[in-house]
Each structure stands twice: as C-alpha cells, then as structure tokens.
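Residue-level structure breakdown
What follows is each chain in one-letter form.
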Amino acid sequence: MSEKIYVISCSRDLLSLGMDRLRTAVEGMEERTISLDWSKVRFVPVIADEKVAFQGGDSQFVPIKPIKIPANSVVIQSYYGVNGMGHLSCIGSQEFKRPDEDRTADVSVFQSRIKASVLKGDLLGQVLIVPGK
C-alpha cells in the first residue's frame, strides 16, 4: 500500500464558500518512468484570456487561452519571450487530472512587479510541451 498523496486546489470559487484551498487525497501520483519524444516538442505561447489588475508584487490567477496537454507529456517553462511586467509561475486547470490523462490548461498564476493590468491577448510567457509515453 502506498502513502496517501494530497492535491491542494486553490480557486476563486472556494472563496464564496469561506475557504481558500481544498486538500484532496488522490491516487495515481506515484513515481513512474516515461519516455519523452524530444523530436515533437511544441513551443506554445501562454496568452491571457481576461483582463486582471495587479498591484506591484501581487500573484494572481489569470485565465489563459486553453492549451491542450496530452497524457504523459511534460510541461517546461521557457524563460525567453516573457511578459515585462512580471513572471508566469505555472499553468494548469481548476480540475485535477493525473499526468497519465489528457489535460487542458486554462489558468495560470502570474506575479507582477509593477502596478498594472494584464490585458486579454497579452503574452504571459511560453512553455514547451514534450510528449511522452
């Protein structure tokens, strides 16, 4: 029997329930070996899908244009072609899926260095999606 692994979900929707995060036990997150295919890497821009206002130093969820991530793929952040306001921390979705399932990233976490707004259509960063088996 393996140890329990917990996923922490953060969502603006949880705030209406008086919670800031949800901790859920999940299965299928054990260590695994995968084979990556570096000949078919996708270089994908992460594009804001809504306007989000920031104060300097804020980290916030920013909805993004959906990015399809096939099962067993690895997502790697590129540090070239980024937003001058700040830094993309991660991409994902509000619905948890294991790495061996197809996923769609539709939200990001972005940290702004300045007081400004990210606008719909702004480049937040870029990611490499490396397919695996």
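In what follows, the structure referred to is the one given above.
First, a word on what this report is: a plain description of the structure on this page. Small disclaimer: the values here were computed from a predicted structure and weren't measured.

Here is what the cut-offs are and how they apply
Residues numbered from 1 in each chain as written. Predicted model: local features only at pLDDT ≥ 70, side-chain atom pairs only at ≥ 80, totals over all residues. Heavy atoms only, no water. Pairing = 2+ DSSP bridges. Helix = DSSP H or I, 4+ residues; strand = E, 2+ residues; numbered from the N terminus. Axes fitted to C-alpha atoms, helices over the stretch in contact; angles between N-to-C directions. 1 Å grid on protein atoms, 1.4 Å probe; cavity = no way out; pocket = protein on both sides within 12 Å on 5 of 7 lines; lining within 4 Å. Points joined across faces, edges and corners; volume = space filled by probe spheres on them. Nonpolar A, V, L, I, M, F, W, Y, C, P; charged D, E, K, R; others polar. Patch = residues over 30% accessible without salt bridge, like charges linked within 9 Å, V, L, I, M, F, W, Y side chains within 5 Å. Areas by Shrake-Rupley, 256 points an atom, 1.4 Å probe, with all protein chains shown as cover. Salt bridge = Lys/Arg side-chain N within 4 Å of Asp/Glu carboxyl O.

**Observations concerning the sheet that holds strand β3 (residues 42-47)**
- Judged by pairing direction, the sheet is antiparallel, and its 3 strands sit side by side in the order β3-β10-β6 without closing on themselves. Looking at strand neighbours, the two that pair on one side only are β3 and β6 (74-78), the edges of this open sheet. Across the sheet, the axes of successive neighbouring strands diverge by a mean angle of 35 degrees, strand direction being ignored.
- For β6 and strand β10 (residues 123-130), the ladder comprises 5 bridges, and the chain directions are antiparallel. Counterpart to Q77 in the pairing with β10 is V127.

**A closer look at the layout of surface pockets**
- Of the voids in this model, the largest pocket is the one considered here, and its volume is about 710 Å³.
- Taken together, 28 residues form the lining of the largest pocket, with I91, G92, S93, E95 and F96 sitting closest to its centre.
- Listed by contribution, the elements that provide at least two residues to the lining of the largest pocket are β1 (5-9), β5 (59-69), β6, β7 (86-92) and β8 (103-112).
- Counting residues per element, the lining of the largest pocket draws most heavily on β8, at 7 residues.
- Counted by class, the lining of the largest pocket contains 16 nonpolar, 8 polar and 4 charged residues.

**Side note on a nonpolar patch on the surface**
- Taken together, I34, L36, W38 and I76 make up a surface patch of nonpolar side chains, about 340 Å² in accessible area.
- Here I76 is to be found in strand β6.

**Digging into the pattern of salt bridges**
- The final tally for this structure, using the stated rule, is 2 salt bridges.
- Among the salt bridges present, the one from D100 reaches R98, with a minimum N-O distance of 3.1 Å.

**A closer look at the sheet that holds β5**
- Taken in spatial order, the 3 strands line up as β5-β8-β7 in an open sheet, and their pairing is antiparallel. Sheet topology places β5 and β7 at the edges, where each strand pairs with a single neighbour. Between one strand axis and the next, the sheet turns through 25 degrees on average, direction left out of account.
- Strand direction decides the pairing type here: β5 and β8, joined by 8 bridges, are antiparallel. Directly across from I69, in β8, lies its bridge partner R103.

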